[in-house]
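One-letter residues, chain by chain:
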Amino acid sequence: MSHRVRVNPIACEAHGMCAELLPERITLDEWGYPVIDDTPLAGAEVEHAIRAARACPTFALLVERDRDPARR
Amino acid sequence: MSALPATTPFGDGTSKPQTPSLPRLLAGIPAEGAMTLEEHLAEHGAPPLQLGQGRRSDRDRAERLIDEIDAAGLLGRGGAAFPTATKMRAVARSRGRAIVLANAAEGEPASLKDRTLLEALPHLVLDGGMLAAQAVGADELVICVCESFGAGSQSLGEALQERAETADYAEFDRLARVRLTTVPGHYVAGQETALINHAGGGPAKPLFTPPMPFEQGLRRRPTLVNNAETLAHIALIARHGAAWFRQLGTPTQPGSALVTLSGPVAHPGVYEIEHGASLSSLIEAGGGTTAGLRGALIGGYSGAWIGAERLRGIALSNEYLAAHGAALGAGVVLLLSDEACPVAETARLARWLSGQSTRQCGPCVHGLDALATAIEQIAGGDGGGRAAQRVERLASLVLGRGACRHPDGTVNVLLSAVEAFPAEFADHGRRGPCDRCAGAQELPLPRRPLPPDPARRARVRLGAQR
Ligand SMILES: Cc1cc2nc3c(=O)[nH]c(=O)nc-3n(C[C@H](O)[C@H](O)[C@H](O)COP(=O)(O)O)c2cc1C
Ligand code: SF4
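Residues numbered from 1 in each chain as written. Chains lettered and ligands numbered in written order. Predicted model: local features only at pLDDT ≥ 70, side-chain atom pairs only at ≥ 80, totals over all residues. Heavy atoms only, no water.

Enquirer: Lay out the site of ligand 2 with the relevant residues and their values.
Expert: For ligand 2, the set of nearby residues contains 13 residues, the closest of which are B:Thr358, B:Gln360, B:Cys361, B:Cys364 and B:Cys404. Here the shell around ligand 2 is built from residues that sort into seven nonpolar, five polar and one charged. (Near = heavy atom within 4 Å. Nonpolar A, V, L, I, M, F, W, Y, C, P; charged D, E, K, R; others polar.)

Shown next as structure tokens:
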């Protein structure tokens, strides 16, 4: 089982905390919204990602377990 | 009127024998008004009845309908060509009583097929919706109709009345409650989670997924969302079977499809084609062209442009179109005349698509606006190579970053224009507007303002205080 970072773009308000706390995975675009590397997180990265998710003022950052690829 | 048999297995001959010829869905379509229930039964025969009422044998029959749809290879007609049976199985297997949404939002300005189905052939859509509801174990069918379909809503209401007054049909329809709801006419309103949001009393704006509609949709119940045309095909597959369905079309895209042909042709309108039919046969059916062609937009406003020099020999199947970066999508075939400027048309389309954003996601709001600006710069001549590079960069920046695929569709159609008309874009970038830029606008870009939703930001802030 692997974990990935994802953002809920509807909830995201470009506070930018995630890019500060998880720079190895998240950069900000020219408008301040996160651009995410969503390849599986390795070991200790999961902890960092969870910390970044907790710091998001709008709870827009998600650390997800791999799920059904039935997404459309 | 003849009584319906209590149960009718698939394609057992109680229905009229069907030849592999066209039309199928459009067979017997009246020149005006709607096909009556009596005419519908005379044309197509009775639908198989009493599926999925809870008894074991009925549940098996419901399973068999999904198997039949699977064997038929039916792909969704709302744009994404998703396998219908796969989605139905996912809904049927999810916990809780399911709901079916018939998607007749038809947000595509150049599409008329769903409107045509509802106005003229409401019983096909209702039969398909009822059969789908029975197959996935739903007790509710919500028909979501664009607010601009005055006549479509009226035909549907009259059709429901006719069915209620016909004993056997009333029995068939009793298995699921039918509700009609009108949907705002903006482009994204027909996206499946926007439809669910709106049917549940919210704004017609997409929701973040997961949960996916098949697990938790309307009122958190498993929800099957299918395009109105997809349901109409189910009505016929249930009667005639998978083998019959496959007598037309290609192995990977079986059956027939409704397409909306527009632009400089003698008779623009809705046509039923076999998948794989040539574009030239469609244009011929439409009475031929009335002007020279500059290109064609295939699929809709998230589809792809094909330049005139590549139009010869085009076959209308996804397998063939894939080589041109295109797909049949929602069945839009829009021809652009050589009187039009493809760059000016693309700039207007980009601005319009940016305006259709539901303004929920930053990358969509800012990215599509920036894309439209860059294309306007090229069209105005102050872009040169810079603006063209910016288009490429912005395109890869917004892809996949919205809650729905509106940004992806927009990038797709805009990049396809740049690719299909390279000389025109290069010329405009260097020299500015051409003689045709100020000419007549050919792409329909209706003004459908989005209603404001002031509550949303407040809700998000509330969440932040937890
Ligand atoms: C921006 C956007 C707009 C859409 N508009 C429509 C629409 O107007 N009608 C429709 O049937 N599907 C529309 N769709 C597709 C639906 O989300 C959904 O895939 C479809 O209704 C599923 O039905 P089908 O599998 O029968 O095609 C839209 C999708 C997107 C991303
Ligand atoms: S991606 Fe755009 S259109 Fe889709 S939900 Fe977000 S803001 Fe609305």
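Enquirer: Which residues make up the domain arrangement of chain B, and what values go with them?
Expert: Accessible area lost on assembly of the parts is the figure often given for the size of an interface. Residues and elements named next belong to chain B. Taken domain by domain, chain B comprises domain 1 (37–245), domain 2 (257–338) and domain 3 (342–438). For domain 2 and domain 3, the distance between their C-alpha centroids amounts to 22 Å. Facing the 14 residues of domain 2 at the interface are 14 residues of domain 3. Carbon and sulfur atoms supply 63% of the area buried between domain 2 and domain 3, which totals about 1,100 Å² over both sides. Its largest share of buried area at the contact with domain 3, domain 2 owes to Arg 294, Tyr 301 and Trp 305, together 57% of the area lost on that side. (Domains from an automatic or database assignment. Contact = heavy atoms within 4.5 Å. Buried area = accessible area lost by both parts, 1.4 Å probe.)

Enquirer: If you had to explain the sheet that holds strand S3 (residues 177–183) of chain B to someone new, which residues and values would you point to?
Expert: Hydrogen bonds along the backbone pair up the strands of a sheet, which may run parallel or antiparallel. Residues and elements named next belong to chain B. Pairing in this open sheet of four strands is parallel, and the strands run S3-S2-S1-S4 from one edge to the other. Each edge of the sheet is formed by a strand with only one pairing partner; in this case those strands are S3 and strand S4 (223–227). Strand-to-strand twist of the sheet, defined as the mean angle between neighbouring strand axes without regard to direction, takes the value 20°. As defined by bridge partners, strand S2 (residues 138–146) adjoins S3 across seven bridges and the pair is classed as parallel. Within S3, the residue paired with Cys 144 across the bridge is Thr 181. Against the sheet, helix H4 (residues 113–120) engages strand S1 (98–104), S2 and S4, with an angle of about 110° to S1. (Pairing = 2+ DSSP bridges. Helix = DSSP H or I, 4+ residues; strand = E, 2+ residues; numbered from the N terminus. Axes fitted to C-alpha atoms, helices over the stretch in contact; angles between N-to-C directions.)

Enquirer: Lay out the site of ligand 1 with the relevant residues and their values.
Expert: Residue and element names in this part refer to chain B. Surrounding ligand 1, one finds 16 residues, the nearest of these being Gly 78, Asn 103, Asn 226, Asn 227 and Thr 230. At 3.1 Å from an oxygen atom of ligand 1 is found a main-chain nitrogen or oxygen belonging to Arg 77. Here Asn 227 contributes a side-chain N or O atom positioned 2.8 Å from an oxygen atom of ligand 1. The protein chains hide 87% of the 610 Å² of surface that ligand 1 would expose on its own. Take the shell around ligand 1: its biggest share by element is three residues, from S4. Residues that form the shell around ligand 1 fall into these classes: three nonpolar, nine polar and four charged. (Polar contact = N/O pair within 3.5 Å; in protein donor to acceptor, adjacent residues only side chain to side chain. Areas by Shrake-Rupley, 256 points an atom, 1.4 Å probe, with all protein chains shown as cover.)

Enquirer: Explain the environment of B:Ala438 to me, using residue names and the numbers behind them.
Expert: Residues and elements named next belong to chain B. With respect to the secondary-structure elements, Ala 438 resides in the loop between helix H17 (422–431) and helix H18 (455–464). Ala 438 sits in the exposed class, given a relative accessible area of 76%. The sequence separation of Ala 438 and Ala 291 amounts to 147 residues, and the corresponding C-alpha distance is 18 Å. (Buried < 20%, exposed > 50% of the residue type's maximum accessible area, 1.4 Å probe, protein only.)

Enquirer: Let's hear about the interface of chain A and chain B: which residues, and what values?
Expert: With 22 residues of chain A at the contact, the number on the chain B side is 33 residues. The junction of chain A with chain B conceals about 2,200 Å² of combined surface from both sides, 59% of it contributed by carbon and sulfur atoms. Applying the counting rule to chain A against chain B returns three salt bridges. Across the pair A:Asp29 and B:Arg401 runs a salt bridge whose closest N-O atoms are separated by 3.0 Å. The interface formed by chain A and chain B contains six residue pairs in polar contact (both at pLDDT 80 or more). Counting residues per element, the ones that place at least two in the side of chain A that touches chain B are strand S1 (3–7), strand S3 (34–36) and strand S4 (61–65) of chain A. Class assignment of the residues belonging to the side of chain A that touches chain B gives a composition of twelve nonpolar, two polar and eight charged. (Salt bridge = Lys/Arg side-chain N within 4 Å of Asp/Glu carboxyl O.)

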